[in-house]
Amino acid sequence: MTARASDPAESGVAVITETSLEHLTLCRTHVNTDDGKRNTEITEPAAAFTELRELVLAQWSTRVTAEIPTAAALGEPLLINMIPTLYDNITEALATTSPRPFGTTGTNLAAVHGRERAHMTDYAPHDLIHELQIFREVLFSISKAKGLSLSKRDAEVIGHSIEEAARESISGYSEADKEKSVGFIASLSHDLRNPLHVASASAQLIQLKTSDPGISQLAQRISRKIGEADAMIQTLLDAAVRHGRIRMKLRLTCFDILSLVEEVCADMPLLGQRVQVDGHSVRGHWCRMSMKRTLENLLANAQKYGDASKPVTVRVRLEDGLLQLSVHNEGPPIPRSETDRLFKSYQRLEDTDVKGWGLGLPYVQNVVESHGGTVTVDSVEGRGTTFTISVPVDARPYVKQ
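A. How the structure looks around the nonpolar core. Judged by nonpolar contacts, the single largest core of 43 residues is most densely connected at Trp60, Val64, Leu86, Leu132 and Phe135. Of all the secondary structure elements, the ones that give two or more residues to this core are helix 3 (44-67), helix 5 (83-94), helix 6 (109-120), helix 7 (125-145) and helix 8 (152-209). For this core, the element with the most residues is helix 3, which contributes nine residues. The residues touching leucine 132, leaving out its near neighbours within four places in the chain, are Met82, Ile83, Leu86, Ile162, Ala165, Ala166 and Ser169. Of all hydrophobic cores here, the second largest spans 39 residues; its members include Leu250, Leu298, Val367 and Val375.

B. Expanded view of the packing of helix 5 against helix 7. Packing of helix 5 against helix 7 leaves a shortest axis separation of 12 Å and a crossing angle of 45°. On the basis of the axis angle, helix 5 is oblique to helix 7. Our pair here, helix 5 against helix 7, has a crossing hand that is right-handed. Contacts between helix 5 and helix 7 involve Ile83, Leu86, Tyr87 and Ile90 from the first element and Leu132, Phe135 and Leu139 from the second.

C. Representation of helix 13 (residues 360-370) in the model. Where burial is concerned, most of helix 13 is hidden: 11 out of the 11 residues are buried. All of the buried residues in helix 13 are Gly360, Leu361, Pro362, Tyr363, Val364, Gln365, Asn366, Val367, Val368, Glu369 and Ser370. Packing partners of the buried residues in helix 13 comprise helix 6, helix 11 (288-305), strand 8 (374-380) and strand 9 (384-392). Immediately beyond the C-terminal end of helix 13, within one or two residues, lies glycine 372, with a positive phi of roughly 85°.

D. Molecular detail of the sheet that holds strand 7 (residues 322-329). Taken together, five strands build an open sheet; the order of strands is 4-6-7-9-8 and the sheet is mixed. The two strands at the open ends of the sheet, each matched to only one other strand, are strand 4 (275-279) and strand 8. On average, each strand axis in the sheet is inclined to that of its neighbour by 15°, with strand direction left out of account. Looking at chain direction, strand 8 and strand 9 are connected through seven bridges and run antiparallel. From the neighbouring strand, serine 379 faces strand 9, where its bridge partner is threonine 385.

E. Spotlight on the packing of aromatic side chains. Scanning all chains against the criterion turns up three aromatic pairs. Pairing phenylalanine 49 with tyrosine 87 gives two aromatic rings, centres 5.9 Å apart and planes at 15°, and the pair type is stacked. Of this pair, phenylalanine 49 sits in helix 3 while tyrosine 87 sits in helix 5, placing them 38 residues apart in sequence. For tyrosine 87, a relative accessible area of 2% puts it in the buried group.

Parameters at a glance
- Residues numbered from 1 in each chain as written.
- Predicted model: local features only at pLDDT ≥ 70, side-chain atom pairs only at ≥ 80, totals over all residues.
- Heavy atoms only, no water.
- Core = buried A, V, L, I, M, F, W, Y, C linked by side-chain atoms within 4.5 Å.
- Buried < 20%, exposed > 50% of the residue type's maximum accessible area, 1.4 Å probe, protein only.
- Helix = DSSP H or I, 4+ residues; strand = E, 2+ residues; numbered from the N terminus.
- Contact = heavy atoms within 4.5 Å.
- Axes fitted to C-alpha atoms, helices over the stretch in contact; angles between N-to-C directions.
- Parallel < 35°, antiparallel > 145°, perpendicular 65-115°, else oblique.
- Left-handed = near helix turned anticlockwise from the far one by under 90°.
- Pairing = 2+ DSSP bridges.
- Phe/Tyr/Trp six-rings, centres within 6.5 Å; stacked < 30°, edge-to-face > 60°.

Right under this line is the structure:
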């Protein structure tokens, strides 16, 4: 359940009123973001797209539920998912001085969208492609109906952004689908071991109780074959551990996430890292221990890879029934070539001297997806890096006990 970046400070998109839109048709305006560090030149298409946002999203939702049977059963926010964030990123990319040349630059939101469609819906790969085709058609048709003149560059930004989103979504879907298959094998293998252990124990009892050499020999043969079968199952389990990810068992309780954030952040100054907490109280049903370790991992990454002279910012907000928990650090962006590897076990950034096993982010992703949510990363030059966790306020319907 991908975070929806409707907050201008979060999405980097200036909110343009109807009055200012009239002004922007005649000239270009420079708008500063809340951090005062980036001066983005807002063009007429970018300003107009900001105004058309809700109309585009509403028409997209209507068409998707009408044309894709599996989408009709999805409610908010699962249906809309990452589409608003992709739209906001495209709007930002249309600004001529934006550090984001395309809507998918510096973020894994499309791959996360594909993972969620695989985990939480009955979507097939062609449904993923279809919903993004609809998005493109709706976007261009509304632009034409409103008389918005798009330059060749504008059309290329929009087209390339949606094409990349489709490719990355399919990649994320395939990865998640593979993990589900491996998880099924692991679960089946685990279940098969129980009757084998009973059979092995019974064969050993036969050897102890019989005085017939022939029966004893048969019992030994049975034990040996059971041992071979058990070894084969163990090989399958080992492969599942290496290549797959099984959803974690969580102990859900009701608590205030802000108090947990403040508790974890209180220790950071002792480690030499300044932290700013922004947000308000949000109570929900989550696994406190795993959420705590998740936040600790994200803060540790921010401290390792961020600009040590700048504070790390943790934001807590509630949006459409979803907890949005983000950790932001200033510093150079994550290279695009590394973004796809961030959530793979035993991977870490190549251009850093920091040592590590690379288990933190895969753990974070596993925790979040086990809660029925998603984790995305946004890392662009001049903006720093933001990891955003988006989970249902009440995770109980999504957690298998």
